[in-house]
Amino acid sequence: MLKVRGRLLPCFLFFVAGSALPAMGSEYGLTFNRDNRTYRWNNFLQYTGPVGQKMQVHASGNLSKTLIKSASGFSGADRWQDSYSLSAVLDYLLTGWSTIGINLAHQENSVNRGEITTRTGTLSSSIAFHPRPSIRLEQFVGGKLDQKKQPNTDSREEGLSYGLSGSWQPVIPKTRATLKVALSGDKLTAGHSSSHTLQATVNRQLLRGAKIILSFDDQKDGRTNLFGPPEATVLKRQDRIGRALSLKIELPLPRDHRLHLSLSSTDRRIEYSLPEGPDEEAAEQNSRKTLQGLSAQLIGHTMKNLSFTGDFALQGGKNDFGRDINDEDLEEISLSGSLEATLSSRDSLAIAGQVARTSYDTPHPDNFNDRDNYRSAAKLSYQHTFHTALRLVVEATVNASHLVYLRSQRSANNNWGRLYAIYPAVHIRPLENLRIQQRFSISASYTEYDFEDLFTDIKSNIFRQATTTTNLSYSLADELDISFGYSYRAEDFGRLVREEGWVEVLSWDKSFQNVDFSISYPLSRRLTVSPHLGYGHRKEYDHHQGQRHFKSRLRSKHIGLSGQYSLGLDNDMNFSISRSVEYATANPKRIFDRLQLTLQHAF
Amino acid sequence: MKSVTLILLALLLCGCENPFATRSADPPSIRRGTWEDPTFYDAVLRNLENSYNEQIIDNFTDCLSENFRFFPDPEDNAQYPGIFDDWGREEESDVTHSIFTSGTTTGFIELALVDTTMEVYFYPSGDSVKAEVIYDLTVEQEKVSAPRHMAGRAIFFIFEGTGGIWTMSRWEDSKADFSDSCSWGELKAVFAGG
């Protein structure tokens, strides 16, 4: 308990100190949340303000605690997770173009009240220059403490923390160029980490509205740490390397058309080594993913009210793992297009389609995952406005996919998937303060296995679904709103048997109904409350030899109250409390309670 | 002239191989693996369990949604710093693939998911479920430093998506309070390079 108090004290002092300072854009907040067996507390404070004419202070603190009652299910013990963090930055304006500062940061995480604790603290000084508007240089250096306390092993590391970054935006006619370089890291007793970033972008306007954009991104994050279970920890270095290069050309064409061309290449690597150098066993975990792409997009307007886009893309890549058996090469081709037309002042139509294939090839003879994946999709949307108070929106989609494993060891699950769906919706606004939305959807999803005839069990299937949803919202007065929702959903699932065409043998069906009602009501000038009620009902049936049998019923009731208490300008207290009760066939009644309290105060 | 160009273009296209066509496959020589269509949320858990026990990576990957995220036990996060940053579907699939190919004997992986508690949330657009399970996992693999027995609690958030298919979008791991057991996250961390 003393330990907890010891940790809480700095935060408490920080809150008090923060509250006493003259403020500029500062706030604190408290939150409590209960979701069944999980309890969460969170407090935060942020402060930004001037100290004299040349100094500026930024400070923030965060304290959070989580309790999971009877956490693991074995011994029923409670589980605690605590974390707090503090940071403070004091900047002093040396000249109009340079600033020096002191930075202090501390973070602590604890599991089961100190059973495992990690602490990180940094104290550093910084200096920033911006001698010209286009150039900015920043640097910091300081000391760092990294401490880990575990039941069997304790570790404490101290060392240096450093960082250097710069950016340059040269002024070149008709060109926007940016160069950013950053280097940072820690050098502790055993654990080292380093990060470097290089980003360059050149965006140049060419003749007649043409444009060329070249960008390069190089990032390397490395860390040396003790990895593995406590009895077999190994000091390893992990480097995550990412490089990307892209070239985009935008060309204007006659009749207000545009052509966009793009070339790209990415290379992502994760490499492991021992501190003394490369190691064969460590390198077994290495991975490298490379991808090269080429794409072209045509955007145009063929008539006054008609616009279209067309896209073509090719990609090729390689996934290279330390263990060769997992290696694979990939190739993807895709073609897509869309058309949007304003048919009249009341009608609009949009059509979109895509077709694509991805192929994977595995070089290792014992890897059987060579496969092709074909996808196609078409979508049609139509809108008609009958009246300002009545609008119809209809969407229809057809999607298809074909998964093909080439080798006999994996081809058993090759299948076609097809989805057909239509979604009509009506938006009605008979009165200024009354809105009604009525939505429907009907869909059928077919999955047909290629080699169904070779197996005795049938996997080809069809899933069908129909839904209707009604939403109504009515504003009785300022801040007095009523909303009501009702939804009904019916669905069934059956096996598809090939007998002179496909025949469906129904396996099950179920239906759902859901009603919810809420009202938002200002109890006083400061307090607005919103009670809400909900009821859900689900029935499930099994089908055997053409007979329908009742399987289960689930009823769910929900009651809740939420509210907001205004404490003045930008200051609010929010609360939410709810209980859900579920009654399911052959199961005891289940109750779910939730509670949330939030206080936010800006000062 | 225009129509001649169009005819020539059409003939040229007809003469080309369809670039979107898939290659032909060999007829299957082995079983499909145990797979239930995930049109019920609990089927996702059974598919996950079976994919581990049969080491079929596609059946495992099909349990995960595109925006999948894994959240390790805080102790594992402290033990393996940086490993679980931005752990999504791709990382989960790669590491599980490595676990599935790490042993040679039949049945070297045994997974049991027990004591499942489901909390169903109704939404008109599709339901969601928070499933809490106790897991017991044994992996008799050949990687010396990796743990062989894992036990703990996992919370899975499973959502109903297009076509009534349920997939897992979030996995929260919590290790058991047995002193001699490791968590699922620790196994993943070791195979991810720890």
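Let us look at the structure shown here.

What counts and how
- Residues numbered from 1 in each chain as written.
- Chains lettered and ligands numbered in written order.
- Predicted model: local features only at pLDDT ≥ 70, side-chain atom pairs only at ≥ 80, totals over all residues.
- Heavy atoms only, no water.
- Contact = heavy atoms within 4.5 Å.
- Salt bridge = Lys/Arg side-chain N within 4 Å of Asp/Glu carboxyl O.
- Polar contact = N/O pair within 3.5 Å; in protein donor to acceptor, adjacent residues only side chain to side chain.
- Helix = DSSP H or I, 4+ residues; strand = E, 2+ residues; numbered from the N terminus.
- Patch = residues over 30% accessible without salt bridge, like charges linked within 9 Å, V, L, I, M, F, W, Y side chains within 5 Å.
- Areas by Shrake-Rupley, 256 points an atom, 1.4 Å probe, with all protein chains shown as cover.
- Core = buried A, V, L, I, M, F, W, Y, C linked by side-chain atoms within 4.5 Å.
- Buried < 20%, exposed > 50% of the residue type's maximum accessible area, 1.4 Å probe, protein only.
- Phe/Tyr/Trp six-rings, centres within 6.5 Å; stacked < 30°, edge-to-face > 60°.
- Axes fitted to C-alpha atoms, helices over the stretch in contact; angles between N-to-C directions.
- Parallel < 35°, antiparallel > 145°, perpendicular 65-115°, else oblique.
- Nonpolar A, V, L, I, M, F, W, Y, C, P; charged D, E, K, R; others polar.
- Pairing = 2+ DSSP bridges.

This part takes up the interface of chain B and chain A. Counting from both sides, the interface comprises 70 residues of chain B and, opposite them, 93 residues of chain A. Two residues, B:R23 and A:D361, come together in a salt bridge whose shortest N-O distance is 2.8 Å. Summed over the shared surface of chain B and chain A, the result is 15 residue pairs in polar contact (both at pLDDT 80 or more). Mapped by element, the contributors of at least two residues to the side of chain B that touches chain A are α3 (57-61), α4 (74-79), α5 (89-100), β2 (109-121), β3 (128-139), β4 (149-160), β5 (166-175) and α6 (184-191) of chain B. Ranked by residue count, the leading element in the side of chain B that touches chain A is β2(B), at five residues.

Glancing now at the environment of A:F129. Residue and element names in this part refer to chain A. Tracing the backbone through its elements, the reader meets F129 in strand β6 (residues 116-132). Here the alpha-carbon distance between F129 and T99, two residues 30 residues apart in the chain, equals 6.6 Å. Leaving out residues up to four positions away in the same chain, F129 has contacts with W97, S98, I135, R136 and L137.

This brings us to a nonpolar patch on the surface. Residue and element names in this part refer to chain A. A contiguous nonpolar patch, built from W168, L179, V181, L198, V202, L214, F216 and L245 and spanning about 620 Å² of accessible area, is present on the exposed surface. Going through the elements one at a time, β10 (175-188), β11 (192-205) and β12 (211-227) are the ones with two or more residues in the nonpolar patch. As for its placement among the helices and strands, L245 is situated in strand β13 (residues 234-253).

Moving on, we come to the pattern of salt bridges. Applying the stated criterion across every chain yields a total of 43 salt bridges over all chains. Close ionic contact of B:E172 with B:R170 constitutes a salt bridge, the shortest N to O distance being 2.7 Å. Overlapping salt bridges bring together A:R268, A:K289, B:E90 and B:D94 as one network.

This part takes up the nonpolar core. Residue and element names in this part refer to chain B. Within the largest apolar cluster, 48 residues are counted, with the highest numbers of intra-cluster contacts made by Y52, I99, L137, F156, W171 and W184. Element by element, the count of residues in this core is highest for β3, at six residues. Excluding residues within four positions of it along the chain, W171 makes contact with F60, F68, R69, F70, F71, E92, A154, I155, F156, W184 and K188.

Turning next to the packing of aromatic side chains. Enumeration over the complete set of coordinates arrives at 24 aromatic pairs over all chains. With 4.7 Å between their ring centres and 45° between their planes, A:W508 and B:F40 make a pair best called tilted. Taken together, the residues A:W508 in strand β25 (residues 502-522) and B:F40 in the loop between α1 (2-15) and α2 (41-54) connect one chain to another. Overall, the relative accessible area of 15% leaves B:F40 in the buried class. Where B:F68 meets B:W171, the ring centres are 6.5 Å apart and the plane angle is 70°; that geometry is what we call edge-to-face. Separated by 103 residues along the polypeptide, B:F68 in strand β1 (residues 64-71) and B:W171 in strand β5 bring together distant segments of the chain.

All names here are of chain B. Contact pair α5 / α6: the axes reach a minimum separation of 9 Å and the direction vectors enclose 85°. As judged from the angle between their axes, α5 and α6 are roughly perpendicular. Contacts between α5 and α6 involve E92, V95, S98 and I99 from the former and L187, K188 and F191 from the latter. Per-class residue counts for the contact of α5 with α6 are four nonpolar, one polar and two charged.

As a further point, take the sheet that holds β2(B). Residue and element names in this part refer to chain B. Spatial strand order, β1-β5-β4-β3-β2: five strands in an open sheet with mixed pairing. What marks the edges here is a single partner per strand, and that holds for β1 and β2. Taken over all neighbouring pairs, the strand axes of this sheet differ in orientation by 20° on average, direction set aside. Of the strand pairs in this sheet, β1 and β5 are connected by four bridges, and their pairing is parallel. Bridge pairing in β5 places F70 opposite W171. Contacting β2, β3, β4 and β5, α2 crosses the sheet at an angle of about 170° to β2.

Let's shift gears to unusual backbone geometry. Residue and element names in this part refer to chain A. The phi dihedral of R208 is positive, around 50°, even though this residue is not glycine. In this structure, R255 is a non-glycine residue whose phi angle is positive, near 60°. Following the sequence through the fold, R255 ends up in the loop between β13 and β14 (257-273).

All names here are of chain A. Structurally, the position occupied by S193 is in strand β11. The class of S193 is partly exposed, set by a relative accessible area of 23%. Expressed as a C-alpha distance, the spacing of S193 and E27, which sit 166 residues apart in the sequence, is 34 Å.

All right, on to the pairing of strand β20 (residues 390-405) of chain A then. Residue and element names in this part refer to chain A. The pairing of strand β19 (residues 371-387) with β20 spans 16 bridges and is classified as antiparallel. Within the sheet, the bridge partner assigned to R371 lies in β20 and is Y405. Connecting β19 to the antiparallel partner β20 that follows it, the hairpin turn spans two residues. Here β20 runs beside strand β21 (residues 415-431); their pairing, made up of 14 bridges, is antiparallel. Residue pairing in the sheet places V394 in a bridge with P424 of β21.

A few words now on the side chain of A:E328. Along the chain, A:E328 turns up in strand β17 (residues 328-342). Overall, the relative accessible area of 13% leaves A:E328 in the buried class.

Next up on the list: α6(B). Within α6(B), eight of the eight residues are buried, which leaves the element mostly enclosed by the surrounding structure. All buried positions along α6(B) are accounted for by B:W184, B:G185, B:E186, B:L187, B:K188, B:A189, B:V190 and B:F191.

A word on the pairing of strand β29 (residues 590-602) of chain A. All names here are of chain A. Judged from the nine bridges that link them, strand β1 (residues 27-35) and β29 form a sheet pairing that is antiparallel. Each residue of the ladder has a partner; that of Y28, found in β29, is H601. Relative to β29, strand β28 (residues 571-584) runs antiparallel, the two sharing eleven bridges. Its bridge partner lying in β29, E582 is registered against R590. In textbook terms, the turn of a hairpin is the stretch between consecutive antiparallel strands, and for β28 and β29 this stretch comprises five residues, one of which, A586, has a positive phi near 65°.

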